[in-house]
Amino acid sequence: RIVYINGEYVPESEAKVSIFDRGFLFSDAVYEVTAVLDGKLIDNAGHLARLERSCAELELTLPVSGDQLTEIQRELIKRNGLTEGGIYLQLSRGNAGDRDFAFPENTAPTLVLFSQARALIDCPKAAKGMKVISIPDIRWKRRDIKTVGLLAPCLAKQAALAAGASDAWLIEEGYVTEGSSNNAYIVTEQGKIITRPLSNDILHGITRASLLQLAEDAQLEVEERNFTIEEAYAAKEAFVSSATTFVWPVIEIDGQAIGEGKPGPIAQKLREIYIKVAQ
Ligand code: PDD
């Protein structure tokens, strides 16, 4: 695989980052994942806009423009012959030459991008749905910033796998915040789509924004409000969204079947519409 690091395209074995890089030492870095379908970037403008926002929140300076980033993303798609999957992008505050909590002065940031081949259209979890468990949300209070401080989601995912499920829904003060790496939704008996409103409690999903617009266009009812895990157990449908899943139905939560225990029509429809528009 050819990867990008600080202005160069090199084989992945040649891409090296210092042990004093603040991304490595402090998780002082932000990232984005953009889906690639038929060799094309999906919803990339949204991902780059969010990247800029994450950078601004952390006083990180992007060393290249948005247009240049898109060029790098496209070049990686080309060089690696990527048709379906994603482009990962990470910007850290760079190599500070030592370990010191304070931001270093005049340090060049570290920018890396790489491609990942992944089946987005034909994948078992999209067709069959997935099981999730609920666990406490132990993350920090700025989940709106897409940082690489992802230990809590890693633990959540691992706990889900150990419990025979695929993912975890995170709970705070009785309410579902989001999935370990996706936004969470339920559908009520009346067919209304419920998802948590935007705040610092969740990542402002780019796929979420597109889906809510598409739902409105398709005259599906949407309500942005908090929902409890008990409400989710009793929901007609549940599903998640992200750049790596698009839409995946959730068919079981904490061992309780959701609706009829199979992918629901609204989740399937939204997935279909999203993919159609993306292509
Ligand atoms: N995760 N919520 C969290 C906590 C996430 O990590 C993600 C994305 C989302 C969905 O955001 P978007 O629709 O913009 O992908 C919501 C990425 C895919 C990841 O960490 O791999």
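Because the structure is a prediction, the values reported are computed rather than measured.

Chemist: Which residues make up the nonpolar core, and what values go with them?
Modeler: Counting 37 residues, the largest nonpolar core has Val132, Ile186, Ala238, Phe239 and Val250 as its most contacted members. In terms of residue count, the dominant contributor to this core is strand 14 (residues 246-253) (six residues). The residues contacting phenylalanine 239, other than those within four sequence positions of it, are Tyr185, Val247, Trp248, Pro249, Val250 and Ala267. The next biggest cluster of nonpolar side chains, apart from the first, holds 19 residues, and it includes Val3, Leu48, Leu111 and Ala243.

Chemist: Can you tell me about the pairing of strand 13 (residues 237-242), naming the residues and giving the values?
Modeler: Counting buried residues along strand 13, six of its six residues qualify, which places the element largely inside the surrounding structure. Taking every second residue as pointing to the same face, both faces of strand 13 are buried, with Glu237, Phe239 and Ser241 on one and Ala238, Val240 and Ser242 on the other. The sheet contact formed by strand 10 (residues 183-187) and strand 13 spans five bridges and is antiparallel. Looking at strand 13, one finds that tyrosine 185 is bridged to phenylalanine 239.

Chemist: Describe the pairing of strand 14, naming the residues involved and giving the relevant values.
Modeler: Taking burial as the measure, the eight residues of strand 14 include eight buried ones, the bulk of the element. One ladder, built from five bridges, connects strand 13 with strand 14; its direction is antiparallel. Across the sheet, the residue bridging to serine 242 is phenylalanine 246, located in strand 14. Where strand 13 folds back onto strand 14 in an antiparallel hairpin, the turn is made up of three residues.

Chemist: An account of the sheet that holds strand 6 (residues 110-117) is needed here, citing residue identities and associated values.
Modeler: Strand pairing in a sheet relies on backbone hydrogen bonds. The paired strands run either parallel or antiparallel. Strand order in the open sheet made by the six strands is 2-1-6-5-3-4, with antiparallel pairing throughout. Of all strands in the sheet, those with a lone pairing partner are strand 2 (8-11) and strand 4 (40-41), marking the two edges. Alignment of strand 1 (residues 2-5) against strand 6, held across two bridges, turns out to be antiparallel. Counted as the bridge partner of isoleucine 5 is valine 112 from strand 6.

Chemist: A description of the environment of isoleucine 42 should follow, citing residues and the corresponding values.
Modeler: Looking at the element boundaries, isoleucine 42 is found in the loop between strand 4 and helix 2 (44-57). Apart from residues lying up to four places away in sequence, isoleucine 42 is in contact with Thr34, Ala35, Val36, Leu37 and Ala278.

Chemist: Would you mind going over the packing of helix 6 (residues 206-217) against helix 8 (residues 265-278) in detail, with residue names and values included?
Modeler: With their axes 10 Å apart at the nearest point, helix 6 and helix 8 run at an angle of 105° to one another. The orientation of helix 6 with respect to helix 8, classified from their angle, is roughly perpendicular. In this structure, helix 6 contributes Ser210, Leu211, Leu214 and Ala215 to the contact, and helix 8 contributes Leu270, Ile273, Tyr274 and Val277.

Chemist: How would you explain the site of the ligand if you had to name every residue and give the values?
Modeler: Every one of the 14 residues lining the ligand counts as a neighbour, but Leu203, Gly205, Ile206, Thr207 and Ala243 are closest to it. Partitioning the shell around the ligand into residue classes produces four nonpolar, eight polar and two charged.

Conventions adopted
Residues numbered from 1 in each chain as written. Predicted model: local features only at pLDDT ≥ 70, side-chain atom pairs only at ≥ 80, totals over all residues. Core = buried A, V, L, I, M, F, W, Y, C linked by C-beta atoms within 7 Å. Buried ≥ 20, exposed ≤ 12 C-beta atoms within 10 Å, placed from the backbone. Helix = DSSP H or I, 4+ residues; strand = E, 2+ residues; numbered from the N terminus. Contact = placed C-beta atoms within 7 Å. Pairing = 2+ DSSP bridges. Axes fitted to C-alpha atoms, helices over the stretch in contact; angles between N-to-C directions. Parallel < 35°, antiparallel > 145°, perpendicular 65-115°, else oblique. Near = placed C-beta within 6 Å. Nonpolar A, V, L, I, M, F, W, Y, C, P; charged D, E, K, R; others polar.

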